[in-house]
Amino acid sequence: MLINQHRKFTPINILSVSIIGAFLCLGAFLHLPEELHPVFLEPAANNLFGIEIGAGLAPVSNVLLTLALTLLQAFLLNRVVNHFNFLGKPNFLTALLFMTLVSLFLPFLVLSPTLICNFITIWMMSKLFNIYKQADVKGLMFDLGMIVALGSLIYFPFIVMFLLLWIALIIFRPFIWREWVTPLLGFSVIYFLLGVIYYLSNRFDEFKAIFSPFTNPLPSTLHVDYHDYLVVAPIIIGLVFFLSVLRDQYFKSIVHIRKSFQLLFYMLLLIGGSFYLNEKININHFLLCAPPLAIYLAYYFSFAKNKWIYESLYLIIIATIIYFQFM
């Protein structure tokens with residue numbers, strides 16, 4: 001079955017994950033509009049450079065490029081998880097679950113700023129998981145501050161990930177004030193240079209407008225199709241099972257894994273809370289949740305013991321995604 005197959009670390013699973021990922025995006029080909037708008041970066045970068053991603057692409061090409069990018073992200077995330085041995089032994093479950101999560105909603109299957117930003121998310125996660133074993137992390141934290149700033153130039157709500165850097169220091173490290181200051185310096189360097197460019201261009205008012213999303217009111221309404229709740233329902237069940245498995249395995253795990261799972265929880269909270277930085281709620285925002293959720297679900301499917309339950313649950317997840325794509 002699918003889960004047992006991907007519990008193995010074998011090259012054939014690269015092909016298997018790719019086939020499943022392609023299968024899960026079939027519905028996008030039936031519901032695509034005749035024309036898709038290219039992806040623009042946030043005004044902070046776009047006003048200066050005017051970068052368009054996906055300009056001139058046909059809708060079918062847009063989906064295929066998105067598929068290629070998400071597959072690359074899936075294998076990068078899988079490599080990070082295997083490197084830190086989160087799942088007991090190397091396997092391809094993280095890649096499989098990531099491709100499943102990025103197929104939950106049709107808007108996930110086309111190019112978007114959050115899709116591009118997930119490369120930054122995975123890069124950042126690989127560095128954050130590494131600070132536990134480092135003797136000196138000031139240089140690493142400086143780099144992470146710059147990474148968050150770059151991510152916010154692609155998708156502004158990503159800026160809340162800066163708080164995750166300080167949370168990571170609380171979880172992984174004793175308090176050393178220099179380590180808390182260096183990410184702020186790294187973050188400031190990017191925006192200082194950007195501000196200088198705007199100032200020299202006599203457009204400093206535009207630079208100040210970059211931070212206007214912080215004044216957005218909290219959304220009072222959330223319009224969600226009931227189909228979206230049904231698609232997410234099996235994922236929620238999987239997370240409940242994950243908590244059950246984690247309860248049994250938590251104190252058997254090494255300290256680094258326990259702390260890393262705590263960090264992923266705070267990452268999800270920050271992503272969920274940062275939606276208000278958008279003028280209107282966009283389902284694509286929650287694509288940023290895919291990397292941490294994929295690790296959580298992969299952990300459950302790695303340690304679950306009842307084959308009929310975990311194999312059936314994954315088949316239900318796939319069937320639900322495909323059913324609502326073709327409705």
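Refer to the preceding data block for the structure.
Residues numbered from 1 in each chain as written. Predicted model: local features only at pLDDT ≥ 70, side-chain atom pairs only at ≥ 80, totals over all residues. Heavy atoms only, no water.

Trainee: What is the right way to look at the overall build of the chain in this model?
Mentor: Across its full length, the chain holds 15 helices and two strands. In terms of C-alpha radius of gyration, the chain reaches 20 Å, essentially the compact-globule figure of 20 Å for 327 residues. Along the three orthogonal principal directions, the C-alpha set of the chain runs to about 65 × 55 × 40 Å. Taking all 327 residues of the chain together, the buried fraction comes to 50%. Put simply, of all contacts in the chain between residues at least 6 apart along the chain, 80% involve residues at least 24 apart. Of the accessible surface of the chain, which amounts to about 15,700 Å², a share of 68% is contributed by carbon and sulfur atoms. (Helix = DSSP H or I, 4+ residues; strand = E, 2+ residues; numbered from the N terminus. Rg over C-alpha atoms; globule rule 2.2 N^0.38 Å. Buried < 20%, exposed > 50% of the residue type's maximum accessible area, 1.4 Å probe, protein only. Contact = heavy atoms within 4.5 Å. Areas by Shrake-Rupley, 256 points an atom, 1.4 Å probe, with all protein chains shown as cover.)

Trainee: What am I meant to see in unusual backbone geometry here?
Mentor: In terms of backbone geometry, most residues other than glycine have negative phi values and most peptide bonds are trans. Phi at Asn85 takes a positive value of approximately 55°, unusual for a residue other than glycine. You will see that Asn202, though not glycine, has its phi angle at about 55°, which is positive. Of note, Asn202 is situated in the loop between helix 10 (177-200) and helix 11 (204-209).

Trainee: In this structure, what is going on with the state of the cysteines? I would like to understand it.
Mentor: Throughout the structure, instances matching the rule amount to zero disulfides. Here Cys289 stays unpaired: no disulfide links it, and the sulfur of Cys117, its closest cysteine neighbor, is 13 Å away. The exposure class of Cys289 is buried, given its relative accessible area of 12%. (Disulfide = S-S within 2.5 Å.)

Trainee: Where do I start with helix 15 (residues 307-326) in this structure?
Mentor: In an α-helix, one full turn covers 3.6 residues, which means residues spaced three or four apart are oriented alike. Under the 1.5 Å per step criterion, the end-to-end length of helix 15 is 29 Å for 20 residues, consistent within 8% with the ideal 28 Å. Looking at helix 15, one finds that the buried residues are Tyr310, Glu311, Leu313, Tyr314, Ile317, Ile318, Thr320, Ile321, Ile322, Phe324 and Gln325. For helix 15, the capping residue at the N-terminal end is Asn306, with a side-chain oxygen 3.2 Å from the backbone nitrogen of Trp308. (Expected span 1.5 Å × (residues − 1). Polar contact = N/O pair within 3.5 Å; in protein donor to acceptor, adjacent residues only side chain to side chain.)

Trainee: Which parts of the structure should I look at to understand the packing of aromatic side chains?
Mentor: Two numbers describe a pair of aromatic rings. These are the distance of the centres and the angle of the planes. By the definition in use, this model includes 27 aromatic pairs. Note on Trp166 and Trp180: the rings are 5.8 Å apart at their centroids and 20° apart in plane angle, and the pair reads as stacked. Placement of Trp166 in helix 9 (residues 161-172) and of Trp180 in helix 10 is noted, with a sequence separation of 14 residues between them. Centroid distance Phe242 to Tyr296: 4.5 Å. Interplanar angle 20°. Geometry classified as stacked. (Phe/Tyr/Trp six-rings, centres within 6.5 Å; stacked < 30°, edge-to-face > 60°.)

Trainee: How should I be thinking about helix 14 (residues 290-303) in this particular structure?
Mentor: Here helix 14 is 14 residues long and its end C-alpha atoms lie 20 Å apart, about the 20 Å a rise of 1.5 Å per residue gives. Most of helix 14 is tucked away: 13 of the 14 residues are buried.

Trainee: Would you explain empty space enclosed by the protein in this entry?
Mentor: To find the voids left in a structure, one rolls a probe of water-molecule size over its atoms. Here the structure, examined in full by the defined rule, presents one cavity of 30 Å³ or more. Examining the composition of the lining of the largest cavity, we find that four residues originate from one element, helix 5 (residues 59-83), more than from any other. Per-class residue counts for the lining of the largest cavity are six nonpolar, four polar and no charged. (1 Å grid on protein atoms, 1.4 Å probe; cavity = no way out; pocket = protein on both sides within 12 Å on 5 of 7 lines; lining within 4 Å. Points joined across faces, edges and corners; volume = space filled by probe spheres on them. Nonpolar A, V, L, I, M, F, W, Y, C, P; charged D, E, K, R; others polar.)

Trainee: What should I look at first to understand a nonpolar patch on the surface in this one?
Mentor: On the surface, Phe23, Leu26, Phe29, Leu30, Val60, Leu64 and Phe326 cluster together into a nonpolar patch covering about 630 Å² of accessible area. Mapped onto the elements of the fold, Phe29 is located in helix 3 (residues 28-31). Taking the relative accessible area as the measure of exposure, Phe29 reaches 33% and is therefore partly exposed. (Patch = residues over 30% accessible without salt bridge, like charges linked within 9 Å, V, L, I, M, F, W, Y side chains within 5 Å. Salt bridge = Lys/Arg side-chain N within 4 Å of Asp/Glu carboxyl O.)

Trainee: Help me understand the pattern of salt bridges, please; the structure alone is not making it clear to me.
Mentor: A side chain with one charge can pair with a side chain of the opposite charge if their charged atoms come near. A complete count under the given rule lists four salt bridges for this structure. Between Asp136 and Lys138 there is a salt bridge; the shortest N-O distance is 3.0 Å. Asp136 sits in the partly exposed class, given a relative accessible area of 47%. In this structure Lys138 comes out as partly exposed when scored by relative accessible area, which is 29%. Taking the shortest distance from any N to any O, the salt bridge between Asp205 and Lys208 comes out at 3.5 Å. Taken together, the positions of Asp205 and Lys208, both in helix 11 and three residues apart, correspond to about one turn of that helix.

Trainee: Just to check I follow, could you spell out the packing of helix 7 (residues 113-128) against helix 14 for this structure?
Mentor: Relative placement of two packed helices is described by the angle separating their axes and the distance separating the axes. At their nearest, the axes of helix 7 and helix 14 sit 9 Å apart, and the two run at 55° to each other. One way to sum up the angle between helix 7 and helix 14 is to call them oblique. Only Pro291, Pro292 and Ile295 of helix 14 make contact with helix 7, whose side of the interface consists of Asn118, Thr121, Ile122 and Met125. For the contact of helix 7 with helix 14, the residue count by class is five nonpolar, two polar and no charged. (Axes fitted to C-alpha atoms, helices over the stretch in contact; angles between N-to-C directions. Parallel < 35°, antiparallel > 145°, perpendicular 65-115°, else oblique.)

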